[in-house]
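Here is how the chains run, residue by residue.
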Amino acid sequence: MVVSKFLGLLMVMLFCGLMIGVNGLSMDYYMIRRCPLAEIIVRNKVTSALLDDPTLAAPLLRLHFHDCFVQGCDGSVLLDSTKDNTAEKDSPANLSLRGYELIDDIKDELENQCPGVVSCADILAMTARDAVFLAGGPFYPIQNGRRDGRRSKIEDTRSLPPPFLNSTELINLFGNLGFNVRDMVALSGAHTIGVARCSSFKARLSNFDSTHDIDPSMNVNLAKALSRTCAAGDRAEQPLDPSRNTFDNAYFIGLQQRAGVLFSDQSLFSSPRTRPIVNDYAMNEAMFAMDFQLAMQKMGCLNVKEGYAGEVRQNCRRIN
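These numbers were taken from a predicted model, which means no experiment stands behind them.

**Let's talk about the overall build of the chain**
When you go through the chain residue by residue, the secondary structure sums to 13 helices and two strands. In terms of overall size, the chain behaves like a compact globule, its C-alpha atoms giving a radius of gyration of 19 Å where 320 residues would be expected to give roughly 20 Å. Taken over the C-alpha atoms alone, the chain extends approximately 60 × 50 × 35 Å along its principal axes. A total of 320 residues make up the chain; the buried ones form 53% of that total.

**What to know about the state of the cysteines**
With the rule as written, the count across this model stands at four disulfides. Across the disulfide, C35 is cross-linked to C114 (sulfur-sulfur distance 1.9 Å). Placement of C35 in the loop between helix 2 (29-32) and helix 3 (38-52) and of C114 in the loop between helix 5 (100-113) and helix 6 (120-134) is noted, with a sequence separation of 79 residues between them. No difference in accessibility class separates C35 from C114, as the two residues are buried. Residue pairing for C68: its cysteine sulfur links by disulfide to C73, the two sulfurs lying 2.0 Å apart.

**Describing the nonpolar core**
If you look at the biggest cluster of nonpolar residues, it comprises 72 residues, and the most contacted ones within it are V118 and F252. Per-element accounting of this core gives the leading share, eight residues, to helix 6. Beyond its immediate chain neighbours, meaning those up to four positions away, V118 contacts Y30, C35, A38, K107, L110, I123, M126 and V312. L205, L240, V261 and L262 belong to the second largest nonpolar core, which has twelve residues in total.

**With respect to the environment of A232**
Note on placement: A232 falls in the loop between helix 9 (220-230) and strand 2 (237-239). On the basis of relative accessibility, which here comes to 66%, the residue A232 falls in the exposed class. Remark: the alpha-carbon pair of A232 and C198, spanning 34 residues in sequence, is separated by 8.7 Å.

**Focus: helix 3**
When the terminal C-alpha atoms of helix 3 are compared, their 22 Å separation across 15 residues agrees well with the 21 Å that a helix rising 1.5 Å per residue should span. For helix 3, the full list of buried residues reads A38, I41, V42, V46, A49 and L50. Mapping the buried residues of helix 3 onto a view down its axis gives an arc of 155°, with all of them on the same face. Structurally, helix 3 contributes buried residues whose contacts are with helix 2, helix 4 (57-68), helix 5 and helix 6.

**Some thoughts on the packing of aromatic side chains**
The final tally for this structure, using the stated rule, is 15 aromatic pairs. Look at Y251 and F252: their rings are 4.8 Å apart centre to centre, the planes differ by 80°, and that puts the pair in the edge-to-face class. A residue is classified by how much of its surface remains accessible, and Y251, at 2% relative accessible area, is buried. Arranged with centres 4.9 Å apart and planes meeting at 70°, the rings of F252 and F288 form a pair that is edge-to-face.

**A short note on the side chain of S243**
The residue S243 is located in the loop between strand 2 and helix 10 (250-256) in this model. Judged by its relative accessible area of 19%, S243 is buried. Non-local contacts of S243, meaning those with residues more than four positions away in its chain, are made with T192, D248 and A250.

**Looking at helix 6**
The terminal C-alpha atoms of helix 6, which comprises 15 residues, lie 21 Å apart, in line with the 21 Å expected from a rise of 1.5 Å per residue. In terms of burial, helix 6 is a largely internal element, 13 of the 15 residues being buried. Among the residues trailing helix 6, G136 stands out with phi positive, at a value near 110°.

The rules behind the values
Residues numbered from 1 in each chain as written. Predicted model: local features only at pLDDT ≥ 70, side-chain atom pairs only at ≥ 80, totals over all residues. Heavy atoms only, no water. Helix = DSSP H or I, 4+ residues; strand = E, 2+ residues; numbered from the N terminus. Rg over C-alpha atoms; globule rule 2.2 N^0.38 Å. Buried < 20%, exposed > 50% of the residue type's maximum accessible area, 1.4 Å probe, protein only. Disulfide = S-S within 2.5 Å. Core = buried A, V, L, I, M, F, W, Y, C linked by side-chain atoms within 4.5 Å. Contact = heavy atoms within 4.5 Å. Expected span 1.5 Å × (residues − 1). Arc of directions from axis to C-beta. Phe/Tyr/Trp six-rings, centres within 6.5 Å; stacked < 30°, edge-to-face > 60°.

Okay, structure coming up:
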């Protein structure tokens, strides 16, 4: 297990090295840049926030994911819209995101300690890692040194995976970004924490297709539960698995029981190509944890900006 984990980390570092130049990311980036307390400051802030609100873990993880999948890990999801531009955060795909105030609080503290050093993109990566750990998931080392982007446009959010994709479409979408099938299933396991709004699954409940009114891939009890949730409106929330604030493998066990809330989630068990991986993770939580952390490290390298291609914002909500 230790050897395979070490080899996996080497593969991630090789993957990152191929995507990022020699002046890119490193494990000791902020030690070198004279901000040695950066990760401790972030962890303390996240710990305090999750003690007050345990449901915040999933949104913090989702912020990092939605950032990286749109133009790379560059903090663009944090930028506010202006009179001349509608930013990513105001896309329908991002309207349920939250945690921005915590990111602002962390950034303010870091600017007090070491002005102009820690990027908003790195803050997102660190907060996601710490949120996973504090929710009961693995703690994994991350490389830092991402610079913040200057572009944030609503039309770019079309690259985010919608909840109605099937497993083949997910494999292709993730594959275009350099992820293999196992990476994709592991990252989907992020849905072991958090909730989904009715608007993201109500299509499964009526007029599903030409031969089924209700999506036949979900069990009867789930269909009844989702119908009750949607009775309260499109913004009503349904936990993605029974242990909504705990990072575990209950999500995959739920897929085996045809209890995946989103169509895209349940499709992972419906497909012969991804079902064996779902079964692996449902049976072996440690395997899921290891694969998840490696996939997260890999995701954190997506289209990282360096040098003059980016900046270190003073305020995460606007460019310098």
